[in-house]
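# Understanding the architecture of this molecule
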Amino acid sequence: MNAQLKYQANPVVRSNLDFKLDDIPRFWFGGDAFKTRMFDALSLTFPDGERYFIESVRLFRDKITDPDLKKRVADFIRQEAQHGIAHDKMNHLMIKQGMPVEQFTKRLRTMFRFELTKRSPQYNIAMTAAAEHLTALMAETFYSRKDTLQDAHPFVRALFAWHAIEEMEHRDVAFDVMKQVGEVPESTRKMTLALTTALMFSLTMYRANIMLKCDGFSKRERLNMFRKGLPWFLGRQGILTARRKEYLDWFKPDFHPNQHPIIRQYPVWVETMETTNDPIVAGEAFWQAAL
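Residues numbered from 1 in each chain as written. Predicted model: local features only at pLDDT ≥ 70, side-chain atom pairs only at ≥ 80, totals over all residues. Heavy atoms only, no water.

The next point concerns the nonpolar core. Core analysis: the largest hydrophobic core is formed by 92 residues, its most contacted members being Phe142, Tyr143, Val177 and Trp269. Counting residues per element, this core draws most heavily on helix α4 (residues 121-143), which supplies 13 residues. In this structure phenylalanine 142 touches Phe39, Leu42, Thr148, Leu149, Ile239 and Leu240, once residues within four positions along its chain are discounted. (Core = buried A, V, L, I, M, F, W, Y, C linked by side-chain atoms within 4.5 Å. Buried < 20%, exposed > 50% of the residue type's maximum accessible area, 1.4 Å probe, protein only. Helix = DSSP H or I, 4+ residues; strand = E, 2+ residues; numbered from the N terminus. Contact = heavy atoms within 4.5 Å.)

Spelled out as structure tokens, the structure:
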């Protein structure tokens, strides 16, 4: 039996948000090329990744009879579509900087098309639920402490803040589809998180390396950047490894995403956005409210 759920925020669809990405510098993370390109490389995944998530959930729409889950699925799909649009704009900015974005996205599209056509629906919904677990944890990681993104440009910080908010709102949707109608074996559910994690981080580091090469950094300079920079993400005190307990909760037989509390300052973003209708102002208030 599931442990008592902590909190659930239902998906809210927000569209036509302007993050003024054309106004950000090349190395928008406080001039740090490595951190900038690591986040850029992660952002590159989102447009095609979100479309894959949508298709994975759609495989089960005809099996869903619960009206509440049907509505949450519809809102999940609309939210993910908006995420893809916003991160496409960031991808276009990278294209202008001379980054081989089409090379990266073509490979992603091929990979996701293979998964959808050659793998079972159960495998795909499990991969999607696992990826949503990861992105919800990253939302908490990036915004629970103010110092994590202190050096990030406010416009990019606002983009990721909005994405973090909506990941919190729909973090349980793919999981509930998987559990209620997916008929996914426990072994598959557990395996897909390990596979998704390996794919996400290996692709992110691969892309970051290529982009830093395009920026003009030599192989030795890039190796030194990774040596010095990776511990910030994955070291003993890294921002991502700090969430290892919550990450490992996935492997518990009674796990549900809503056993994790939603990020503390969630209401700050929602209330500021409702008042100002400005995602940059809302993102700044959200970041300022962190510990």
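Now that the structure has been shown, we can carry on.
On to the environment of leucine 223, then. Tracing the chain through its elements places leucine 223 in helix α8 (residues 219-234). Classification of leucine 223 as exposed rests on a relative accessible area of 55%. Separated by 212 residues in sequence, leucine 223 and proline 11 place their C-alpha atoms 41 Å apart.

Within this structure, the stated rule accounts for 21 aromatic pairs. Measuring from ring centre to ring centre gives 5.5 Å for phenylalanine 29 and phenylalanine 39, while their planes differ by 25°; the resulting arrangement is stacked. One end of the pair, phenylalanine 29, is in the segment before α1 (33-58); the other, phenylalanine 39, is in helix α1, and ten residues separate them in sequence. The buried category is assigned to phenylalanine 29, whose relative accessible area is 3%. (Phe/Tyr/Trp six-rings, centres within 6.5 Å; stacked < 30°, edge-to-face > 60°.)

Bringing helix α6 (residues 173-180) into the picture now. Burial analysis of α6 places six of its eight residues in the buried class, the great majority of the element. The set of residues buried in α6 consists of Val173, Ala174, Phe175, Asp176, Val177 and Met178. Those residues of α6 that are buried are in contact with α1, α2 (67-96), α4, α5 (154-170) and α7 (186-214).

The subject of this paragraph is unusual backbone geometry. Although it is not a glycine, asparagine 16 adopts a positive phi angle of roughly 55°. Secondary-structure assignment places asparagine 16 in the segment before α1. The phi torsion at lysine 20 lies on the positive side, around 55°, for a residue other than glycine. As for its placement among the helices and strands, lysine 20 is situated in the segment before α1.

The next subject is α2. The first and last C-alpha atoms of α2 sit 44 Å apart over 30 residues, in line with the 44 Å expected at 1.5 Å per residue. Residue glycine 98 follows α2 closely and has a positive phi angle near 90°. (Expected span 1.5 Å × (residues − 1).)

Further remarks concern the pattern of salt bridges. The tally for this structure, following the rule as stated, stands at 24 salt bridges. Of the charged contacts, one joins aspartate 75 and lysine 71 as a salt bridge, the two residues approaching to 2.8 Å between their closest N and O atoms. In this pair, aspartate 75 and lysine 71 both sit in helix α2, four residues apart, roughly one turn of the helix. By relative accessible area, aspartate 75 is classed as buried at 9%. One salt-bridge network, held together by shared partners, links Asp48, Arg51, Asp88, Glu102 and Arg109. (Salt bridge = Lys/Arg side-chain N within 4 Å of Asp/Glu carboxyl O.)

Another point: the confidence of the model for the protein chain. With 97% of its residues at a pLDDT of 70 or more, the protein chain has an overall mean of 94. For the stretch residues 1-6, pLDDT sits under 50, and the model shows 15 contacts to residues farther than four places along the chain or on other chains. (pLDDT = per-residue confidence, 0-100.)

With their axes 8 Å apart at the nearest point, α1 and α7 run at an angle of 125° to one another. Classified by the angle their axes make, α1 and α7 are oblique. Helix-helix and strand crossings are classified by hand; for α1 and α7 the assignment is right-handed. Residues Ala33, Phe34, Arg37, Met38, Asp40, Ala41, Leu42, Leu44 and Thr45 of α1 form the contact with α7, whose own contacting residues are Met200, Thr204, Met205, Arg207, Ala208, Met211 and Leu212. A breakdown of the residues in the contact of α1 with α7 according to their chemical character gives eleven nonpolar, two polar and three charged. (Axes fitted to C-alpha atoms, helices over the stretch in contact; angles between N-to-C directions. Parallel < 35°, antiparallel > 145°, perpendicular 65-115°, else oblique. Left-handed = near helix turned anticlockwise from the far one by under 90°. Nonpolar A, V, L, I, M, F, W, Y, C, P; charged D, E, K, R; others polar.)

With respect to the element layout, histidine 153 can be found in the loop between α4 and α5. Of the polar contacts made by the side chain of histidine 153, one reaches the backbone nitrogen of phenylalanine 155; its length is 3.1 Å. (Polar contact = N/O pair within 3.5 Å; in protein donor to acceptor, adjacent residues only side chain to side chain.)

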